Amino acid sequence: MNWNRRHLLDIESLSADEIRLILETAKAFKEVSTRPIKKVPVLRGKTVINLFIEPSTRTRTSFELAAIRLSADVINFNAEASSFRKGETLRDTVRNLEALNADIFIIRHSAAGAPHFIARFLKGSVVNAGDGAHEHPTQALLDVFTMLEKKGRIEGLNVTILGDILYSRVARSNIWALTKLGANVTLCGPSTLVPKEFEKMGCRVTYNIDEAIANADVINLLRIQHERQRKTMFPSINEYSSLFGLNYERLAKTKPDALIMHPGPINRGVEIVSEIADCERSVILEQVTNGLAVRMAVLFLVSGGKGPREILQ
Ligand code: CP
């Protein structure tokens, strides 16, 4: 199949074939990153705006590097030093940036739906880099890419997502991507943060951590999203850590080849014992590496690329 979308706004609206096409394109770009010359000219002459209205380390940096590797010009919009501070609206901000001939807008915003909103009136492409608690599509794509690389398949894989599901855009995008590709997804965490409602998305909810991790091929840990919680969802960090944190006792009960994943940023000592985050079974930094290939693929596809064959020529 060929890619025919101008934007990447979410995973929910993608078909399984579209997700597979992004993953195959990312694999081709990962090969490009092993070459002595890591740049390709596919976005030469295009302008990419990194519009992050929320903090980011991994996503912002890897989108910037992805655009550079594709030979685009990149502007990192600094919200704190911009006219946002004087009350300019998001709509006016992006329309002014488009008046400077920007082609691709990568947006992170605390409001769910912000990328969809700007995609309605911009002529260029929009890529969602995380909108509130709604979706973080490229994080899910790099997570699935890493699982596929390490396990060789997604269909039938047992993936446990552990932690703050309610406020997590990473969880939502992962659930959509994994269930579309045939994985068995289990969600676990405090009942206040893992409502049974999530079962409607095609996954299983349990509050028994030992059972959730026993048969997992992948354990994806999520941080407590304090910035989005509007009330106290559990008594204390210590209690959360002792009931749901991944410690050595729990690790010993998992499959010996279960992957440990985390989208970052990690709160060491809360959702995971610090040394486990750095152990052999942890692929946390490989996720970051794969994020570059995935974001190169997304920028290439939304700007008119059709698929991996064009890159490997
Ligand atoms: N995983 C993730 O989105 O990290 P950043 O907030 O650092 O981009």
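Everything here concerns the structure above.
This text gives an overview of the structure that appears in the document. (Residues numbered from 1 in each chain as written. Predicted model: local features only at pLDDT ≥ 70, side-chain atom pairs only at ≥ 80, totals over all residues. Heavy atoms only, no water.)

**With respect to the overall build of the protein**
Next, step 1: Counting its regular elements, the protein contains 12 helices and nine strands.
Next, step 2: Here the C-alpha atoms of the protein give a radius of gyration of 19 Å, agreeing with the 20 Å that 2.2 N^0.38 yields for 313 residues.
Next, step 3: Referenced to the eigenvectors of the C-alpha coordinate spread, the extents of the protein come out at roughly 55 × 50 × 35 Å.
Next, step 4: Out of the 313 residues belonging to the protein, those deemed buried represent 54%.
Next, step 5: Of the contacts made within the protein by residues no fewer than 6 positions apart, 72% connect residues no fewer than 24 positions apart. (Helix = DSSP H or I, 4+ residues; strand = E, 2+ residues; numbered from the N terminus. Rg over C-alpha atoms; globule rule 2.2 N^0.38 Å. Buried < 20%, exposed > 50% of the residue type's maximum accessible area, 1.4 Å probe, protein only. Contact = heavy atoms within 4.5 Å.)

**Digging into the site of the ligand**
Next, step 1: Lining the immediate environment of the ligand, one finds Ser-56, Thr-57, Arg-58, Thr-59, Arg-108, His-136, Gln-139, Pro-263 and Gly-264.
Next, step 2: A distance of 2.7 Å separates an oxygen atom of the ligand from a polar atom in the backbone of Thr-57.
Next, step 3: The contact in question runs from a nitrogen atom of the ligand to an N or O atom on the backbone of Gly-264, over 3.2 Å.
Next, step 4: Within the complex, the protein chains bury 91% of what would otherwise be the 250 Å² of accessible surface of the ligand.
Next, step 5: Looking at the shell around the ligand, its residues break down into one nonpolar, six polar and two charged. (Near = heavy atom within 4 Å. Polar contact = N/O pair within 3.5 Å; in protein donor to acceptor, adjacent residues only side chain to side chain. Areas by Shrake-Rupley, 256 points an atom, 1.4 Å probe, with all protein chains shown as cover. Nonpolar A, V, L, I, M, F, W, Y, C, P; charged D, E, K, R; others polar.)

**A look at unusual backbone geometry**
Next, step 1: The omega torsion of the bond from Gly-264 to Pro-265 falls at -5°, within 30 degrees of zero and hence cis.
Next, step 2: Along the chain, Pro-265 falls in the loop between strand S9 (259-261) and helix H10 (274-277).
Next, step 3: Of note in this structure, Ser-71 is not a glycine but carries a positive phi near 75°.
Next, step 4: With respect to the helices and strands, Ser-71 occurs in the loop between helix H2 (58-69) and strand S2 (73-78).
Next, step 5: With a phi angle near 70°, Asn-101 is a residue other than glycine that sits in the positive phi range.

**Concerning the side chain of Asp-131**
Next, step 1: With respect to the secondary-structure elements, Asp-131 resides in strand S4 (residues 125-131).
Next, step 2: One buried charge, Asp-131, has no salt-bridge partner; the nearest side chain with opposite charge is Arg-169, at 6.4 Å.
Next, step 3: A polar contact is formed between the side chain of Asp-131 and the backbone nitrogen of Gly-113, at a distance of 2.8 Å.
Next, step 4: Of the polar contacts made by the side chain of Asp-131, one reaches the backbone nitrogen of Glu-135; its length is 3.1 Å.
Next, step 5: In this structure, Asp-131 is in contact with His-109, Ala-111, Ala-112, Gly-113, Ala-114, Pro-115, His-116 and Arg-169, ignoring residues within four places of it in sequence. (Lys, Arg positive; Asp, Glu negative; His and termini not counted. Salt bridge = Lys/Arg side-chain N within 4 Å of Asp/Glu carboxyl O.)

**Considerations on the pairing of S4**
Next, step 1: Extensive coverage of S4 is indicated by the burial of seven of its seven residues.
Next, step 2: The pairing of strand S3 (residues 104-109) with S4 spans five bridges and is parallel. Paired with His-109 across the two strands is Asp-131, which belongs to S4.
Next, step 3: For the crossover from S3 across helix H4 (residues 114-119) to S4, the handedness is right-handed. (Pairing = 2+ DSSP bridges. Right-handed = clockwise from strand over helix to strand, strands pointing away.)

**What about helix H11 (residues 284-302)?**
Next, step 1: For H11, which comprises 19 residues, the first-to-last C-alpha distance of 27 Å matches the rise-based estimate of 27 Å (1.5 Å per residue) to within 8%.
Next, step 2: Where burial is concerned, most of H11 is hidden: 15 out of the 19 residues are buried.
Next, step 3: Phi turns positive one or two residues past the end of H11, at Gly-304, with a value near 115°. (Expected span 1.5 Å × (residues − 1).)

**Points about the sheet that holds S4**
Next, step 1: The strand order across the open sheet built from four strands is S2-S1-S3-S4, with neighbouring strands paired in parallel fashion. Edge positions in the sheet fall to S2 and S4, since each of these pairs with one other strand and no more. Across the sheet, the mean angle separating the axes of adjacent strands is 15° when strand polarity is ignored.
Next, step 2: Both strand S1 (residues 47-52) and S2 contribute to a ladder of six bridges, which runs parallel. Within the sheet, the bridge partner assigned to Phe-52 lies in S2 and is Asn-78.
Next, step 3: Against the sheet, H2 touches S1, S2, S3 and S4, its axis set at about 180° to S1.
Next, step 4: Where H11 meets the sheet, it contacts S3 and S4, and its direction lies at approximately 145° from that of S4. (Axes fitted to C-alpha atoms, helices over the stretch in contact; angles between N-to-C directions.)

**Quick notes on the sheet that holds strand S8 (residues 218-221)**
Next, step 1: With parallel pairing, five strands are arranged side by side in an open sheet as S7-S6-S5-S8-S9. Among the strands making up the open sheet, the edge pair consists of strand S7 (204-206) and S9. Pairs of neighbouring strands in the sheet enclose a mean axial angle of 20°, with direction left out of account.
Next, step 2: Both strand S5 (residues 158-162) and S8 contribute to a ladder of four bridges, which runs parallel. When the bridges of S8 are listed, Leu-162 appears paired with Leu-221.

**Overview of the side chain of His-136**
Next, step 1: By the element assignment, His-136 lies in the loop between S4 and helix H5 (137-151).
Next, step 2: A distance of 3.2 Å separates polar atoms of two side chains, one belonging to His-136 and the other to Arg-108.
Next, step 3: Every residue in contact with His-136, bar those within four places of it in the chain, is listed here: Thr-59, Arg-108, Ala-129, Gly-130, Arg-169, Val-170, Ser-173 and Arg-295.

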